[in-house]
Amino acid sequence: MPENEAGNSGILIGLDGSRPSKSAAKCAVQLAQNLNLTIHGIFIIDETIIMGPYEYYKAELGIDETPASQAELVQWFEIFGEREIHWLENLCHTAHVPVKTSLLFGGVTESILDNAVESQFIVLGRRGNNHSSDERHLGQYFQTIVHRARIPILVGGNHHRYIEQILLAYDGSPAAQSALEWAVRFQRTMHCQVSVVTVNENSDSSQQWRTHVEQELLNAGLETRKLSASLADPVEAILAAAS
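The structure contained in this document is the topic of the report that follows.

1. Concerning the sheet that holds strand S9 (residues 226-230)
Logical step 1: Taking strand neighbours across the sheet as the criterion, the three strands line up as S7-S8-S9 in an open arrangement whose pairing is parallel. Of all strands in the sheet, those bounded by a partner on one side alone are strand S7 (165-169) and S9. For this sheet the average axis-to-axis angle between neighbouring strands, irrespective of direction, equals 15°.
Logical step 2: Across five bridges, the pairing between S7 and strand S8 (residues 193-199) is parallel. Across the sheet, residue Ile166 finds its bridge partner in S8, namely Val194.
Logical step 3: Sheet contacts for helix H7 (residues 174-190): S7 and S8; angle to S7, the most-contacted strand, approximately 160°.
Logical step 4: Across the sheet, helix H9 (residues 234-242) is in contact with S7, S8 and S9; its angle to S8 comes to roughly 155°.

Below you can see the structure in the form of structure tokens.
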């Protein structure tokens, strides 16, 4: 499969032609432009669709035809993938962001994770074309990658919005510390407003926990717009802060 080189990648984008994928890619280009990162965009021809008996390819490709052979189906996906790759390349060139692209054949999850080894971000749509009408659906590959990835993931939905506000869920863990570092970086380079929600799951009093978190945010250099400290369930607290 063809590959176009443009240096080492900083952000890995998984392309599939869906609206969430394109939305995520646009945000990724914004990040790359502001953080001086490069982009590696990949389109993966899913081996399970090619080798399996299912007709998921019709929704993914937006066609209602039947291929004469597996080779022809692969060719259809190659044409579709090349179109998506060219779309990303044009987007990056307009923004003056270095881009590398690859058209791959194989397992989606493994291909994403293998290519993300040297990346700082993974960028994905929350679902592919097969469930495009269900806004609450999370794609099977998306869910698997989220659970297995060890680096931050930027997720795209149906509608693209430039990154102007960030909600940071902070609990003091190493993963939260890493997220805090990125939030500080976003705030300084992209002038984003950052809100922080934290849930006290320790034995400290509510005021002690809030004071502790405020000091950690200050030490990290984060200029918070709003800090919400809660004793509620973490999921409920995050959803409430995001609404």
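2. Some points on the pattern of salt bridges
Logical step 1: Throughout the structure, instances matching the rule amount to three salt bridges.
Logical step 2: One salt bridge connects Arg83 with Glu84, and the closest N-O pair in it is separated by 3.6 Å.
Logical step 3: For Glu84, a relative accessible area of 3% translates into the label buried.
Logical step 4: Each member of the salt-bridge network shares a partner with another, and the members are Lys22, Arg83 and Glu84.

How each quantity is defined
Residues numbered from 1 in each chain as written. Predicted model: local features only at pLDDT ≥ 70, side-chain atom pairs only at ≥ 80, totals over all residues. Heavy atoms only, no water. Pairing = 2+ DSSP bridges. Helix = DSSP H or I, 4+ residues; strand = E, 2+ residues; numbered from the N terminus. Axes fitted to C-alpha atoms, helices over the stretch in contact; angles between N-to-C directions. Contact = heavy atoms within 4.5 Å. Salt bridge = Lys/Arg side-chain N within 4 Å of Asp/Glu carboxyl O. Buried < 20%, exposed > 50% of the residue type's maximum accessible area, 1.4 Å probe, protein only.

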